[in-house]
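Report on the structure
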Amino acid sequence: MYQEVHARMCGIMGYVGPRQAAPLILDGLRRLEYRGYDSAGIAVANGDIHVRKAEGKIGRLASLLETDPLHGTVGIGHTRWATHGVPSDVNAHPHRDPSGRFVVVHNGIIENFHELRERLSAEGHLFESETDTEILAHLVALEYDGDIVAAVRRAVAHAEGAYALVVMTANEPGRIVAVRRVSPLIVGLGDGETFLASDIPAVLQHTRDFLIVEDGELVVVDADGATIEHIEGGRVDRAVMHVDWDAEQAEKGGYEHFMLKEIHEQPAVITETVGGRLDGEGEVWLEDVHFDDAFARAIDRVWITACGTALHAGLVGREIFQRILRLPTAVEYAHEMRYADPLVSAPSLTVAISQSGETADTLAAARLARQKGSRLLALTNVVGSTLSREADDVLYTRAGPEISVASTKAYMAMLIGEYLLALRIGRARGVVDEALSQRVAHGLHLLPAQVEHVLQAENDVAKAAHRIADAQDVYFIGRGLDYAVAMEGSLKLKEISYLHSEAMPAGELKHGTLALVTAGVPVIVVLTQGAVYDKTMSAVQEVKARGATVLAVAYEDDATIGAFADEVLRIPRTDDLLSPVASIVPLQLLAYHVARLRGHDIDQPRNLAKSVTVE
Ligand code: F6R
């Protein structure tokens, strides 16, 4: 079955046919609203290219269209989730070239954006917006010599990254050209009309027949249908896919729940969060992190503050910073830190982690740290969020909108952000030499495929979930980075399965909690850290001796654990420093499958809200 697993950041909708394009596109964009966005726009070709776009909800765009309608039967539209440049009318898509004859919308990220912009600026190009998209409009226009398909092909040869690009020109009315490099694109086939979209829900009310554009392909759409080619040239035959999903299933890309969809998006989230920020040599470039090397060298302490899952990402961060940077690093619950009169002072760095960037406690702790002289860095998923606006530096996590209340892909992106930040600071401080940098860079580049591999073993996890579904209490243990992952695994389980669950360092067990471990009690051990492997194994033996049901998350080549655990959830061997990225995945899936067996509302667990904007 076709399932969409990309961490989509924006929505795309295009139309060619006999009907008025703008109302159809507006309707399609509304159907993509569930994914979150911060601005929207439409372009229609009718002799010239005409554009309407507005920051904010689609209602604003609709009002614009009411007072100033767009007439024409070929058009493209877009909902934007900001990545380059804040949400604003100017940064909203579509973007035109200076002649106004070419117009583009785009999803994803152009990694060599700065290089391209500098080059074009040096050649005299002026840009209206801060977006990477506008550059593509200029590039296509520059490459145009009478054939839009050839121009797009040549333009994308300059643009590195993971994206989907849609182009229309007033010079060749009646067709739209699009390219898929990772970011999804589908074609909806109607009767004398054709649709193009980032995903199926946008067009499901018009047709159930689709062509899925694959990575590395270019598609030319007109009213009679679509032709797909490889970007480099050469026709592709693609079978028509008939979809019988209802609208709700379509929003979830064919998955039963948003949570599961978001878990499966994680390989793409890693690719996008790393994209354009790290080269093979381990050189790091973080676009909105402004501190200089002198500051990085001066930092005497790192404070990490956050709540919930974001705090658990912070626990991984503490280990990374202490191990890589040898810098004292404290992790503080934001709701504690804000009232604790913390001993924060300059020259420290405070890393406030928040998916939403709007969590009231995290904002309060971050403000306090900044008042006390610490430099504030926001690690957040939402461009333009309050936290991002108040911080001195921002590292965006590029996970795309997260809909499930239980956070998964945003956590994953936070981990990746922390590795990048550690490399950035470590290079400046001279504690990360080229060899370590390359080792981490190499490991990070392998992670998407490794996480994909773990996801493919979902059935094993689903089976293991049966061992836990009827338990009263569950305990998670691990040491070091494994303990940090255990904390997050436990939170995931409790928030959606409503099972009582606790995580602790493996060594803490015998100081009290072991009294609760009796026959059949599930104990989940995360076991990836070579340096403390034997120590954690002693805890496994202790609980096993008391009849516990042991589930382990361990490397594929771990030949020891099999004899002690009732179930082993395997992950590919990674650098021990990077293991949380892979080892959290079976635990996310486990929480999901236990909750499913227990019949709970997985995406909207009781009593919980996606964003906690009150104290
Ligand atoms: C759990 C979860 C919460 C959030 C927490 C902080 O799955 O999502 O624990 O992590 O409320 O939210 P943000 O990251 O938006 O500050």
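Just so you know, these numbers come straight off a predicted model, no measurement behind them. Numbers given for residues are sequential positions, taken from 1 along each chain in its written order. This being a predicted model, a pLDDT of at least 70 is required before a residue's local features are given, and a value of 80 or more before pairs of side-chain atoms are given or counted; all residues contribute to the totals for chains, interfaces and linings. Computation of side-chain values: all heavy atoms of the structure, hydrogens and water removed.

This paragraph deals with a negative patch on the surface. To count toward a patch, a residue needs a relative accessible area above 30% and no salt bridge. Like charges then connect within 9 Å, nonpolar side chains (Val, Leu, Ile, Met, Phe, Trp, Tyr) within 5 Å. Accessible areas in this description were obtained via Shrake-Rupley with a 1.4 Å probe; residue shielding takes into account the shown protein chains only. Here, a salt bridge means any side-chain nitrogen of Lys or Arg that lies within 4 Å of a carboxyl oxygen of Asp or Glu. Counting rule applied: Lys, Arg positive; Asp, Glu negative; His and chain ends not counted. Where a charge lies is defined by one atom per residue type, namely NZ (Lys), CZ (Arg), CG (Asp) and CD (Glu). On the surface, a cluster of negative charge is made up of Glu 111, Glu 115, Glu 118 and Glu 160. Note on placement: Glu 111 falls in the loop between strand 6 (102-110) and helix 3 (113-122). Its relative accessible area of 32% is what places Glu 111 among the partly exposed residues. In DSSP terms, a helix is any run of H or I states spanning at least four residues, a strand is any run of E spanning at least two, and both are numbered starting from the N terminus. Three labels apply to residues, based on accessible area from a 1.4 Å probe with only protein chains included: buried if under 20% of the type maximum, exposed if over 50%, partly exposed otherwise in between.

Now for the site of the ligand. We call a residue near a given molecule or strand whenever any one of its heavy atoms falls within 4 Å of it. Ser 354, Gln 355, Ser 356, Thr 359 and Glu 495 are the nearest of the 13 residues found near the ligand. Each polar contact in these results corresponds to two N or O atoms within 3.5 Å; when the atoms are within protein, one needs to be able to donate a hydrogen and the other to accept it, and residues that are neighboring in sequence are counted only if both atoms are side-chain atoms. Between the ligand and Thr 309 there is a distance of 3.1 Å, counted from an oxygen atom to a backbone nitrogen or oxygen. For the ligand, the protein covers 89% of the area, taking 410 Å² as the surface of the free molecule. Listing elements by their share of the shell around the ligand, those giving two or more residues are helix 10 (308-325) and helix 17 (481-497). The element contributing the most residues to the shell around the ligand is helix 10, with three residues. In the scheme used here, Gly and all other residues not listed as nonpolar or charged are polar, with Ala, Val, Leu, Ile, Met, Phe, Trp, Tyr, Cys and Pro taken as nonpolar and Asp, Glu, Lys and Arg as charged. Classifying every residue of the shell around the ligand gives four nonpolar, seven polar and two charged.

Below, the discussion takes up the packing of aromatic side chains. Each pair of aromatic rings taken from Phe, Tyr and Trp, with Trp reduced to its six-membered ring, is defined by centres within 6.5 Å and is described as stacked if the planes are under 30 degrees apart, edge-to-face if over 60, and tilted in the remaining cases. This model, assessed by the stated rule, comprises three aromatic pairs. On the numbers, 5.2 Å between centres and 55° between planes, the contact of Tyr 15 with Phe 195 is tilted. A residue pair is termed long-range when its members are at least 10 positions apart, and Tyr 15 in strand 1 (residues 11-16) and Phe 195 in strand 10 (residues 194-197) qualify at 180 residues. Across the pair, Phe 195 and Tyr 15 agree in class, each one buried. Ring centres 5.0 Å apart and planes at 65° place the aromatic pair Phe 102 and Tyr 144 in the edge-to-face group. Of this pair, Phe 102 sits in strand 6 while Tyr 144 sits in the loop between helix 4 (133-143) and helix 5 (148-156); the two residues are 42 residues apart in sequence, bridging distant segments of the chain. In terms of burial, Phe 102 and Tyr 144 fall into one category: buried. Cation placement over rings: the criterion is NZ of Lys or CZ of Arg within 6 Å of the ring centroid and within 35° of the ring normal. Geometry around Tyr 37 places Lys 57 over its ring, the cationic atom sitting 4.4 Å from the centre.

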